[in-house]
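Listed below, chain by chain, are the residues.
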Amino acid sequence: TWHLKKIPQIVSERTFSLDRPKFEAKTKLELNSVCGIECQRKLPVPSLSDLKDLLSYETIFENGTRTLTEVNVLGLVLDPAGNTTTRRSLRKKRQIYGTDSRFSICDKRFMTNFPFNTAVKISTGCSGILISPKHVLTAAHCLHNGKDYVKGSKRLRVGLVKTKKQRRSGRKQGSSDGMPSFQWTRVKSTHIPKGWFKGVSGDIALDYDYAVLELKRPHKRKYMELGISPTIKMMPGSMIHFSGFDNDRSGQLVYRFCSISDESNDLFYQYCDAERGSTGSGVYLRLKEPNKKKWKRKIIAVYSGHQWVHVNGEQQDYNVAVRITPLKYAQICFWIHGNDENCTRG
C-alpha cells in the first residue's frame, strides 16, 4: 500500500542572479562515485543547515540566464539513524548482468499508452519521465557535470513519442518496424539542486543526481505522479520498473524490471539491465491506494546509471537510482507548483 506521509515544507527565501554558464562540459553518462555502500553507512546525518544548503537550487532559463534560490526547510524531523543500508550478498558484474532481460516496446499501441508513454528522450542523450503537464524528471548529470552545463543543454529539447505517424517530405519520421518518431519540445527552464554541484567530488555525489525540466508548451498526455520511495521490505518482491531509450537499441523504447539488491537512505543499488541512454529514466512501482482496491503506479526514484562504488575495500559496480525521499518529494513538488500548498502529503 502507498502510505501517506506528512511532507516537510520547502520554501524559497532569496533568489540571486548568477553569471551565464559556458555550456562547454562533455556529457558523461557513467560516473565513478567516491562514496559507495560502505561509505554511505558512515556518513553523518545532515544537519538542518546542511539540508538547506543542499536543497537550494539553480535554475537556468532558455536564454542562458541563471539564478540561485536559497531555501528553508520547515517541519522536518531528522532521522538519527543516518544513511543505513541493508546488508545483502554482493555480485561483481557489468551493465548487462548475465542474460539480457530487457524488453523492446515496439507496438505503437503500448508505446503510446500509459505507463510507457510517460518516458521521454532528452536531447543531450538521456531519458526522462513526464511528471506533470509541463514538467519532466531526469538525472542532473545529463545536463551538468558539476562544474559547467554540458554541450547541447543550451538549446535543450524533450522528445515525446508521436501518437500518430506524421508524414513529412525528406526525412523519414517513423517506420512500421516499431521505430518511434518524436515530437520535440523546447525546455523553458531547468532546476538542479545545489547538492549536485557540491557532491560531484565529495561523499554525496549521487544523492542529488536529479533535475526537473519545465517545457515551453504543455503536453496533453497522461503523466506519472511522484511517490515517496518505500524501503525494500515494503515493495512487492522488492521489484522496480523503468523504461528509457537505451543507446544500443537505437530509437527503441526499452522496458526492464528487477529486484533491489541494496539501499541507503538516498540510493537504490540494483542489477536492472540497462545501457547508456536510459540514464534519467523514472523508476516506478505499483502499490494499492490507501483504503481502496485500486492499484496505482508512482515514480519512486530516478535512474542515475552505471556506477563504480566502494564496497568492503574494493570497487564493485551497480546500476544506481536516486530515491524520492520526503525532502526530495517536497522540493520537486515545489518546482512543479511554485508553492507548497499542493505538497503537504505524499
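All of these numbers come straight from a predicted model, not from anything done at the bench.

Peer 1: Can you lay out helix α2 (residues 48-55) for me, pointing to particular residues and giving the numbers?
Peer 2: Along α2, the positions that sit buried rather than exposed are L51, L54 and L55. Down the axis of α2, the sector holding all buried residues measures 85°, keeping them to one side.

Peer 1: An account of the state of the cysteines is needed here, citing residue identities and associated values.
Peer 2: This structure, assessed with the given rule, holds two disulfides. Residue C126 pairs covalently with C142 via a disulfide, S to S 2.1 Å. When the S-S torsion is -95°, as for the bridge of C126 with C142, the disulfide is left-handed. You can see C126 sitting in the loop between β6 (119-122) and β7 (127-130) and its partner C142 sitting in the loop between β8 (135-138) and β9 (157-161), a full 16 residues away along the chain. One disulfide in the model links C258 with C272; its S-S distance is 2.1 Å.

Peer 1: Give me the lowdown on the confidence of the model for the chain, citing residues and values where you can.
Peer 2: Taken residue by residue, the chain gives an average pLDDT of 81. The fraction at 70 or more is 81%. Confidence over residues 85-94 falls short of pLDDT 50; this stretch has 35 contacts with residues more than four positions distant or in other chains. A low-confidence stretch, residues 166-176 stays under pLDDT 50, and its non-local contacts, those more than four residues away or across chains, total nine contacts.

Peer 1: With reference to specific residues and values, describe the packing of aromatic side chains.
Peer 2: The geometry of an aromatic ring pair is captured by two quantities: the separation of the ring centres and the angle between the planes. Taken as a whole, this structure holds 11 aromatic pairs when the rule is applied. Where F23 meets Y149, the ring centres are 5.9 Å apart and the plane angle is 45°; that geometry is what we call tilted. On the criterion of sequence distance, the pair formed by F23 in the loop between β1 (9-18) and β2 (31-32) and Y149 in the loop between β8 and β9 is long-range, its members being 126 residues apart. Of the two residues, F23 and Y149, both sit in the buried class. Between Y208 and Y210, the ring centres sit 6.3 Å apart and the planes meet at 35°, which makes this aromatic pair tilted. Feature note: the residues Y57, Y208, Y210 and W335 constitute an aromatic cluster, connected by ring pairs. Sitting over the ring of W184, R157 keeps its end group 4.7 Å from the ring centre. In this structure, K328 packs its charged tip against the face of Y208, placed 5.3 Å from the ring centre.

Peer 1: Mind laying out empty space enclosed by the protein, listing which residues take part and the relevant values?
Peer 2: In this approach, a probe sized like a water molecule rolls over the atoms, and the result shows the empty space that is left. According to the stated counting rule, one finds three cavities of 30 Å³ or more in the structure shown. One number sums up the size of the largest cavity: a volume of about 80 Å³. Every residue along the wall of the largest cavity is listed here: F23, I60, F61, E62, G64, S153, K154, L156, V187, K188, S189 and T190. Only β3 (57-61) and β10 (182-193) provide two or more residues apiece to the lining of the largest cavity. Ranked by the residues each element gives to the lining of the largest cavity, the list is headed by β10, at four residues.

Peer 1: Pulling in residues and values, what's your account of unusual backbone geometry?
Peer 2: With an omega of 5°, the peptide bond running from F114 to P115 counts as cis. Note on placement: P115 falls in the loop between α3 (108-111) and β6. Backbone geometry places F23, a non-glycine residue, at a positive phi of 60°. For F23, a relative accessible area of 11% gives the class buried.

Peer 1: So what's going on with the pattern of salt bridges? Residues and values would help.
Peer 2: Note that side chains of opposite charge can pair when their charged atoms are close. Enumeration over the complete set of coordinates arrives at 10 salt bridges. Among the salt bridges present, the one from R186 reaches E62, with a minimum N-O distance of 3.8 Å. Of the two residues, R186 sits in strand β10 while E62 sits in the loop between β3 and β4 (66-74), which places them 124 residues apart along the sequence. We classify R186 as partly exposed; its relative accessible area is 29%. A relative accessible area of 28% means that E62 is categorised as partly exposed. Notably, a salt bridge pairs E289 with K296, separated by 3.9 Å at the nearest N-O pair. Residue K296 is classed as partly exposed on the basis of its relative accessible area, which comes to 23%. Each of E62, R186 and K216 takes part in one network of salt bridges that share partners.

Peer 1: Can you lay out the pairing of β4 for me, pointing to particular residues and giving the numbers?
Peer 2: Among the nine residues of β4, seven are classified as buried, and the element is accordingly described as predominantly covered. Both β3 and β4 contribute to a ladder of four bridges, which runs antiparallel. Within β4, the residue paired with Y57 across the bridge is T69. Between β3 and β4, which follow one another and run antiparallel, lie four residues, and G64 among them has a positive phi close to 95°.

Peer 1: Which residues make up the side chain of S153, and what values go with them?
Peer 2: Note that S153 resides in the loop between β8 and β9. Given the relative accessible area of 11%, S153 is considered buried. Reaching out from S153, the side chain makes a polar contact with the backbone oxygen of V150 at a distance of 2.6 Å. Setting aside residues up to four positions removed in sequence, S153 forms contacts with F23, T124 and L143.

Cut-off values and rules
- Residues numbered from 1 in each chain as written.
- Predicted model: local features only at pLDDT ≥ 70, side-chain atom pairs only at ≥ 80, totals over all residues.
- Heavy atoms only, no water.
- Buried < 20%, exposed > 50% of the residue type's maximum accessible area, 1.4 Å probe, protein only.
- Helix = DSSP H or I, 4+ residues; strand = E, 2+ residues; numbered from the N terminus.
- Arc of directions from axis to C-beta.
- Disulfide = S-S within 2.5 Å.
- pLDDT = per-residue confidence, 0-100.
- Contact = heavy atoms within 4.5 Å.
- Phe/Tyr/Trp six-rings, centres within 6.5 Å; stacked < 30°, edge-to-face > 60°.
- Lys NZ or Arg CZ within 6 Å of the ring centre and 35° of its normal.
- 1 Å grid on protein atoms, 1.4 Å probe; cavity = no way out; pocket = protein on both sides within 12 Å on 5 of 7 lines; lining within 4 Å.
- Points joined across faces, edges and corners; volume = space filled by probe spheres on them.
- Salt bridge = Lys/Arg side-chain N within 4 Å of Asp/Glu carboxyl O.
- Pairing = 2+ DSSP bridges.
- Polar contact = N/O pair within 3.5 Å; in protein donor to acceptor, adjacent residues only side chain to side chain.

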